[in-house]
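What the coordinates show
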Amino acid sequence: MTEQITFDGRVAIITGAGGGLGETYALDLARRGARVVVNDLGGSVDGSGSSESAADRVVSEIEEAGGEAVANYDSVSTEEGGAAIVQSAIDAFGTVDIVVNNAGILRDKSFANMTMAEVEAVIDVHLKGAFYVSSPAFGVMKDKGYGRFVFTSSGSGLFGNFGQANYGAAKAGLMGLSNVLAIEGAKYDIKSNAIAPVAKTRMTEDLLGPMADLVDPEQVTAMVVYLCSEANQHTHEIFTVGGGRYGRVFVGVNQGWFAGSDGVANAEDVAAHIDEIRDITEFQIPSNSNEEIMMLGQAMAG
């Protein structure tokens, strides 16, 4: 029987925790003993406006169930806001052990019609926001020799989706950030992973159509809570989760075609070998960029 996963003594920051996925994480972590910073600006789906009621409601629910939590209303989209979120954890509970970067907004539009303001707004919240919160938290975790990060990526970033160039670019960037933190945090027992969730939330219910009612946010919670726990020893990975399905997404590199190091291939050579170049019958999953470069070295060595 698997040992019960608990978070006694641990402190978690959940951004965008005033509703949707973030709320489910905050409630389950608190139920399992974590002290939680419930961060939520309380704005609309497009990021406009603000309200304290969303974060306050989740904190009240946690406290009524016997847990410990504090509300934070700062925006992740500025460096000052990110620092204030982490400081809230330190002021209330003395440390930070877990960060779930979940806050997000949408400004969907076809690429031909998308403005730079719409690009910047989404990147500020999703990608830069994750930097702003994770940077001060990483310092605390590094000093104490323990930490868990979960970044919320998306199938739109991993595979693409019409009308979401800004969102997809930001979500793909989170995958890169998580991978680097996994590498740099390894010797400090800091694990970093990303998820690509499919769930009905304010942001997605119009996009999912009839499928929305089949993908409850609570079906994502178990994976995130596990990744936040001491039981999780996996890092540098991406998980797809939704509707009761849990799986792994990965970036692999195939053997490809080696043209030789004694000359320079031309476009016609590439055309002649394109099937071999694209063949994914066999592949490797590098754990860092150096391992991918080593594949070239192996090809050169024959």
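What comes next concerns the included structure. (Residues numbered from 1 in each chain as written. Predicted model: local features only at pLDDT ≥ 70, side-chain atom pairs only at ≥ 80, totals over all residues. Heavy atoms only, no water.)

So, the pairing of strand 2 (residues 35-39)
Filter applied, for reference: Only protein chains enter the accessibility calculation, which uses a 1.4 Å probe; a residue is then buried when its area is under 20% of its type maximum, exposed when over 50%, and partly exposed in between. Secondary structure elements are taken from DSSP: a helix is a run of H or I of four residues or more, a strand is a run of E of two residues or more, and numbering for both begins at the N terminus. Any two strands are treated as partners once DSSP identifies two or more bridges connecting them. By the criterion used throughout, a crossover qualifies as right-handed when its path from the first strand across the helix to the second strand runs clockwise, the strands pointing away from the viewer.
The buried fraction of strand 2 is high, at five of five residues. The pairing of strand 1 (residues 11-15) with strand 2 spans five bridges and is classified as parallel. From the neighbouring strand, V11 faces strand 2, where its bridge partner is R35. Between the parallel elements strand 1 and strand 2, the chain passes through helix 1 (residues 20-31) in a crossover that is right-handed. Bridge count for strand 2 against strand 3 (residues 68-72) is five bridges, and the pairing is parallel.

Re the side chain of T15
Note the threshold: Here a polar contact means two N or O atoms within 3.5 Å. Within protein one must be a hydrogen donor candidate and the other an acceptor candidate, and residues neighboring in sequence count only if both atoms are side-chain atoms. Here, two residues are considered to be in contact whenever any of their heavy atoms come within 4.5 Å of each other.
Here T15 lies in strand 1. Looking at T15, its side chain comes within polar contact range of the main-chain nitrogen of N102, at 2.8 Å. Residues in contact with T15, not counting those within four places in the same chain, are N39, V76, V100, N101, N102, A103 and V133.

Quick look at empty space enclosed by the protein
A probe matching the size of a water molecule, rolled over the atoms, marks out where space remains unfilled. Just so we agree on the cut-off: Any residue with an atom within 4 Å of a point lines the site, the site being either a cavity, points on a 1 Å grid over the protein atoms alone where a 1.4 Å probe fits but cannot get out, or a pocket, an open set with protein on both sides within 12 Å along at least 5 of 7 lines. Grid points are joined across faces, edges and corners, and a volume is the space filled by probe spheres set on the points. Residue type decides the class: Asp, Glu, Lys and Arg count as charged, Ala, Val, Leu, Ile, Met, Phe, Trp, Tyr, Cys and Pro as nonpolar, and the leftover types, Gly among them, as polar.
Applying the stated criterion to the full structure yields one cavity of 30 Å³ or more. There is about 70 Å³ of room inside the largest cavity. As for the largest cavity, its lining consists of 13 residues, of which N101, N102, A103, V125 and H126 are closest to the centre. For the lining of the largest cavity, the elements supplying multiple residues, two or more each, are helix 4 (116-144) and helix 6 (165-185). Here the lining of the largest cavity gets five residues from one element, more than from any other, and that element is helix 4. Across the lining of the largest cavity, the residue classes tally to six nonpolar, six polar and one charged.

Regarding the packing of aromatic side chains
Definition in use: Planes of paired rings set the category: under 30 degrees apart is stacked, over 60 is edge-to-face and the rest tilted, where pairs are Phe, Tyr or Trp rings (Trp by its six-membered ring) whose centres lie within 6.5 Å. We count a charge as sitting over a ring when the NZ of a lysine or the CZ of an arginine lies within 6 Å of the ring centre and within 35 degrees of the ring normal.
Using the criterion set out here, one finds three aromatic pairs in the structure. Judged by centre distance (5.9 Å) and plane angle (20°), the ring pair of F149 and F151 falls under stacked. F151 gets classed as buried once you look at its relative accessible area, which sits at 0%. Three or more aromatic residues joined by ring pairs make a cluster, and in this case those are F138, F149 and F151. One cation-aromatic arrangement involves R10 over Y146; the distance from NZ or CZ to the ring centre is 3.7 Å.

By themselves, these observations are geometric and do not establish any function.
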